[in-house]
Amino acid sequence: MTSAPAGPGPLTAALAGHARAAVPAHPPHGPCSCAAATLADRPDGLVVRHGGIVAKAHAPDDDPARLTRRIAVADRLPGVFLPPLDPAPVTLHGRPVTRWPYASPVDPDDPDAAPWEATATLLARLHRAPVPAAVPPARGPAKAAAAVAGLREQGAHPAVPVVLRAWAALPGWARGDAPAPGPAALCHGDFHLGQLVRLPHGPWRLIDVDDVGLGAPAWDLARPAAWYACGLLGPGEWARFLDAYRAARGPAVPVAGDPWPALDVPARALTVQTAARMIVKSAADGRPLDEVEQCVVDACARIAAVPAAAEGELAPGGTT
């Protein structure tokens, strides 16, 4: 005798119903007969799609008032963010929930098609946008600190001491212990290519407002910079990204010359954050680090060995 497969959990079912409630009564292509689909299921975000609508349950500890202010940023910048469907979250099963149009993400199986120029232009527009009153801090450094806290809980793993030494070598602002130096701007806070989507025949837009706020704009460039520094992003792609950001007058780096003095510390912090998450995941999977993961840990060893004040040392060859 076999048991029937388990149905969706109560939160997943509630999200599906909340998304379904936003589907137009008379959609342009006829009624939707599609079933709900789970797009992401993580502790900090459960995302369910029904037709052309997506409902997202944010982290249980996400403050609804701050999330509302972050949603307002996306609503004010329709040329940068995918527009929200509601001005504020609702609460379902103790989680703040928002709704958005469904849009197609970057194809992870076709990295050569990554829209580096469009990405850089969106970030530059965001960084140049007027800062609304009472916008929360961007949560980039806090996310890095949380990843390292998770690594400390991991305990025995040969790569843990290397990553913790790299973390200790960072200045306090990159660890979330002090305000960032320099002029602040509106930032995404957790930018990577998975945060890009586009509606059919439309331009690319940013998604995921959970970490949006006031912070150091260089943080949003730090993940591509870190991957470039680790040798995981080619110099051609990096040049396309950086040149497009400068052409769009992004304020995170100088308009000409070496960008690395502005990017060095954030890139180091994102390298440590990435390594911490990779170690925790590999340990949970019961496997050794793969080639890419080991490459990021090796970069942490270089970070720990060279003070952050030595400009450009994380970049390949010390230059970009």
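See the structure above.
Residues numbered from 1 in each chain as written. Predicted model: local features only at pLDDT ≥ 70, side-chain atom pairs only at ≥ 80, totals over all residues. Heavy atoms only, no water.

Draft legend 1. Fine view of the packing of aromatic side chains. Inspection of every chain in the model, using the stated rule, returns six aromatic pairs. For the ring pair Trp 116 and Phe 241, a centre distance of 5.8 Å and an interplane angle of 80° mean the geometry is edge-to-face. Taken together, the positions of Trp 116 in helix α3 (residues 116-128) and Phe 241 in helix α7 (residues 235-247) put the pair 125 residues apart, joining distant regions of the chain. Residue class for Trp 116 comes out buried when judged on its relative accessible area of 7%. Their ring planes at 70° and their centres at 6.0 Å tell us that Trp 173 and Trp 219 sit as a pair that is edge-to-face. Here the residue Trp 173 occupies a position in the loop between α5 (160-168) and β7 (185-187), and Trp 219 occupies one in helix α6 (residues 218-229), the gap between them amounting to 46 residues. (Phe/Tyr/Trp six-rings, centres within 6.5 Å; stacked < 30°, edge-to-face > 60°. Helix = DSSP H or I, 4+ residues; strand = E, 2+ residues; numbered from the N terminus. Buried < 20%, exposed > 50% of the residue type's maximum accessible area, 1.4 Å probe, protein only.)

Draft legend 2. Spatial organisation of the sheet that holds strand β6 (residues 104-105). In space, the three strands of this open sheet follow the order β6-β8-β9, with antiparallel pairing throughout. Of all the strands in the sheet, just β6 and β9 (204-206) have a single pairing partner and so form its edges. One ladder, built from two bridges, connects β6 with strand β8 (residues 196-198); its direction is antiparallel. Bridge pairing in β8 places Ser 104 opposite Arg 198. Across the sheet, α3 is in contact with β8 and β9; its angle to β9 comes to roughly 45°. (Pairing = 2+ DSSP bridges. Contact = heavy atoms within 4.5 Å. Axes fitted to C-alpha atoms, helices over the stretch in contact; angles between N-to-C directions.)

Draft legend 3. Local environment of the packing of α3 against α7. For the pair α3 and α7, interaxial distance at closest approach is 8 Å and the crossing angle is 35°. As α3 runs across α7, the sense of the crossing is right-handed. Contacts between α3 and α7 pair Trp 116, Glu 117, Thr 119, Ala 120, Thr 121, Leu 123, Ala 124 and His 127 from the former with Glu 237, Arg 240, Phe 241, Ala 244 and Tyr 245 from the latter. (Left-handed = near helix turned anticlockwise from the far one by under 90°.)

Draft legend 4. Quick look at the pattern of salt bridges. The full count for this structure, using the stated rule, is 14 salt bridges. For the salt bridge of Lys 56 with Asp 208, the shortest nitrogen-to-oxygen distance reads 3.3 Å. Taken together, the residues span a long stretch of sequence, with Lys 56 in strand β3 (residues 53-58) and Asp 208 in the loop between β9 and β10 (213-215) at a distance of 152 residues. Judged by relative accessible area, which is 10%, Lys 56 ranks as buried. For the salt bridge of Asp 211 with Lys 143, the shortest nitrogen-to-oxygen distance reads 3.6 Å. Here the residue Asp 211 occupies a position in the loop between β9 and β10, and Lys 143 occupies one in helix α4 (residues 140-154), the gap between them amounting to 68 residues. (Salt bridge = Lys/Arg side-chain N within 4 Å of Asp/Glu carboxyl O.)

Draft legend 5. Representation of the side chain of Thr 274 within the structure. In this structure, Thr 274 sits in helix α8 (residues 260-285). Exposure remark for Thr 274: the relative accessible area of 14% places this residue in the buried category. Once residues lying within four places of it in the same chain are set aside, the contact partners of Thr 274 are Trp 227 and Val 296.

Draft legend 6. Representation of the state of the cysteines. Under the definition given, this model contains zero disulfides. You can see Cys 230 has no disulfide; the closest cysteine sulfur is in Cys 295, sitting 5.2 Å from it. (Disulfide = S-S within 2.5 Å.)

Geometric descriptors of this kind do not, in isolation, establish any biological role.
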